[in-house]
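An overview of the molecular structure
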Amino acid sequence: TITQKKTINKLYSYSTPMEINRLIIGILDIKDNDEIYNPCYGIGSLFLALSQTKKKFSIYGEELDSSLDRIAKLILKSLDMKTDNLYVNNILKNQIFPLSRKFDKIMCHPPIDSYIGTLDLKNNKRFSKYGFITKSAPELSFIINGISYLKEKGVFVIRNQLLKKTSVEERFKEKICKDGLLEAIIELPKNIFPHNSADFSLMIISKNNDSVLHIDASGFYKKDGKYNRLVKNDEILKMLKERKDTKYSKLTKLNDSNFNDLRAQTYLHKKSVVDSMMSIKNIGVEIIRGQRIPQPKTNKIKEYINIGIINFNEYGFIDTSHIERSVGDIDKVNANKLQAYDIL
């Protein structure tokens, strides 16, 4: 309740809703003596769910922000959980745990609001084999780091847009499929993370998979104030265990998976009219440059809508959730505004 408030501390960026925590812990199926690793534990909300399993386990983790680390350790102290193996550290620059060290279970809700420096990753053997990683896709850095330490199973929160984009993420998605690491994708309901308009899924990573289970849980929610809350965790866990086709789940051979789009909705729903249209990708047109409107230096201003490449899906329709409204010099706006039949 505290972290969902839009306070000056913005703790909502570093905590995970209770229902998501419980689902993640349920997926991991914690056993006695499991060693559990979280590469970005934030204020420790996932540890709260762990404490309810009544199992004997050891936790390991890293967190970039020392102030969040202090909160997490206070929470753990109240739960009588040891904090000896939790470190304040930047996992992209410094390696606390050697790669020979493996953890039974890995859980991770990567921070997408924090600045993630990626310049050094090309020369780091943990990350280089998955292609170049950009700061616009911080989730991939944490997932790849997790895979490096994985013994049994890992669960990661990931934005849906990274499951369908085809540039930076393409090599990563293709490699985890070909290596048999992708066990399941669970698409979550909209509007369940406070103050965040993106759509999210859970990516489940384990070893020796020949097929991937897609679960569309986007309708499994109840309205609670301005946000939605996830429901039917038991039903989701049952589908994961049974691994078969149902109304909400679809099992697909990894060899038959579309690396360019791993979203659950793509595998569960019939093609729409939009799907039958020619996509921008098939037309073969590339966007070369855009026009930026400078800040006005006079009182002659005009409001305009700023449309960039991020606003388009592969069929050319605009994703209105990312539209930006700005004010610019009226002459510049009029000179550069879109006209009928313009091609972007």
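Look up: the structure comes first, before these words.
Description of the structure in this document. In this text the structure is predicted, and so the values were computed from the model without any measurement.

**A short note on the overall build of the protein**
In terms of regular secondary structure, the protein is built from 10 helices and 13 strands. Counting across all 344 residues of the protein, residues that qualify as buried make up 44%. Partitioning the intrachain contacts of the protein with sequence separation of at least 6 by distance along the chain shows that 72% fall at a separation of at least 24. Carbon and sulfur atoms form 50% of the exposed surface of the protein, whose accessible area is close to 19200 Å².

**Quick look at the sheet that holds strand β1 (residues 34-38)**
With mixed pairing, nine strands are arranged side by side in an open sheet as β3-β2-β1-β4-β5-β7-β6-β8-β11. Looking along the sheet, the strands with just one partner apiece sit at the ends: β3 (86-88) and β11 (249-253). Ignoring which end each strand starts from, the neighbouring axes of this sheet average 15° apart. Across the face of the sheet, helix α7 (residues 233-242) comes into contact with β6 (182-187), β7 (200-206), β8 (211-216) and β11 while running at roughly 160° to β8.

**Points about the packing of helix α1 (residues 18-28) against α7**
A packed helix pair is summarised by two numbers, namely the angle formed by the two axes and the spacing between the axes. Two elements in contact, α1 and α7, have axes whose closest approach is 10 Å; the angle formed by their N-to-C orientations is 25°. In terms of axis orientation, α1 runs roughly parallel to α7. As α1 packs across α7, the resulting crossing turns out to be right-handed. Here E19, R22, L23, G26 and I27 of α1 lie close against α7, whose contacting residues are N233, I236, L237 and L240.

**Thoughts on the pattern of salt bridges**
Within the structure shown, the criterion is met by 17 salt bridges. Two residues, D29 and K31, come together in a salt bridge whose shortest N-O distance is 2.4 Å. On the basis of relative accessibility, which here comes to 41%, the residue K31 falls in the partly exposed class. When the shortest N-O distance is used, the salt bridge between E35 and R101 registers 2.9 Å. Taken together, the residues E35 in strand β1 and R101 in the loop between β3 and β4 (103-108) connect sequence positions 66 residues apart. Linked by salt bridges that have partners in common, E19, D224 and R229 make up one network.

**Section: the packing of aromatic side chains**
Under the criterion given, the structure shown has 12 aromatic pairs. Both rings, one in Y37 and one in F97, keep their centres 5.7 Å apart while their planes meet at 80°; by these two values the pair is edge-to-face. Note that Y37 is positioned in strand β1 and F97 in the loop between β3 and β4, a separation of 60 residues in sequence. The class of Y37 is buried, set by a relative accessible area of 0%. In this structure F97 comes out as buried when scored by relative accessible area, which is 7%. Pairing F97 with F103 gives two aromatic rings, centres 5.3 Å apart and planes at 85°, and the pair type is edge-to-face. With respect to burial, F97 and F103 carry one shared label: buried. Grouped by ring-pair contacts, the aromatic residues Y37, Y60, Y87, F97, F103 and Y149 constitute a single cluster.

**Thoughts on helix α3 (residues 66-78)**
Helix length check: α3 (13 residues) gives 19 Å between terminal C-alpha atoms against 18 Å at 1.5 Å per residue, within 8%. Those residues of α3 not exposed but buried are L68, D69, A72, I75 and L76. One side of α3 holds all its buried residues, which, seen down the axis, span an arc of 125°. In α3, the exposed positions that point more than 90 degrees away from the buried face belong to R70, L74, K77 and S78. One or two steps after α3, the chain reaches D80, where phi turns positive at roughly 60°.

**As for the nonpolar core**
Residues I24, F47, M107, I186 and L202 are the most contacted members of the largest nonpolar core, which totals 38 residues. When residues of this core are traced back to their parent elements, those giving at least two are α1, α2 (45-50), α3, β5 (150-159), β6, β7, β8 and α7. Of the residues forming this core, the biggest block, six residues, is contributed by α1. One finds Y37, C177, V212 and L254 within the second-largest nonpolar core, a separate group that totals 36 residues.

**What to know about helix α4 (residues 138-148)**
For α4, the tally of buried residues reaches 11 of 11 residues, placing the bulk of the element in the interior. Among all positions in α4, only P138, E139, L140, S141, F142, I143, I144, N145, G146, I147 and S148 are buried.

**Some points on unusual backbone geometry**
For D29, which is not a glycine, the phi torsion comes out positive at approximately 50°. By the element assignment, D29 lies in the loop between α1 and β1. In this structure, R243 takes a positive phi of about 50° despite not being glycine. Judged by its relative accessible area of 23%, R243 is partly exposed.

About the cut-offs
- Residues numbered from 1 in each chain as written.
- Predicted model: local features only at pLDDT ≥ 70, side-chain atom pairs only at ≥ 80, totals over all residues.
- Heavy atoms only, no water.
- Helix = DSSP H or I, 4+ residues; strand = E, 2+ residues; numbered from the N terminus.
- Buried < 20%, exposed > 50% of the residue type's maximum accessible area, 1.4 Å probe, protein only.
- Contact = heavy atoms within 4.5 Å.
- Areas by Shrake-Rupley, 256 points an atom, 1.4 Å probe, with all protein chains shown as cover.
- Pairing = 2+ DSSP bridges.
- Axes fitted to C-alpha atoms, helices over the stretch in contact; angles between N-to-C directions.
- Parallel < 35°, antiparallel > 145°, perpendicular 65-115°, else oblique.
- Left-handed = near helix turned anticlockwise from the far one by under 90°.
- Salt bridge = Lys/Arg side-chain N within 4 Å of Asp/Glu carboxyl O.
- Phe/Tyr/Trp six-rings, centres within 6.5 Å; stacked < 30°, edge-to-face > 60°.
- Expected span 1.5 Å × (residues − 1).
- Arc of directions from axis to C-beta.
- Core = buried A, V, L, I, M, F, W, Y, C linked by side-chain atoms within 4.5 Å.

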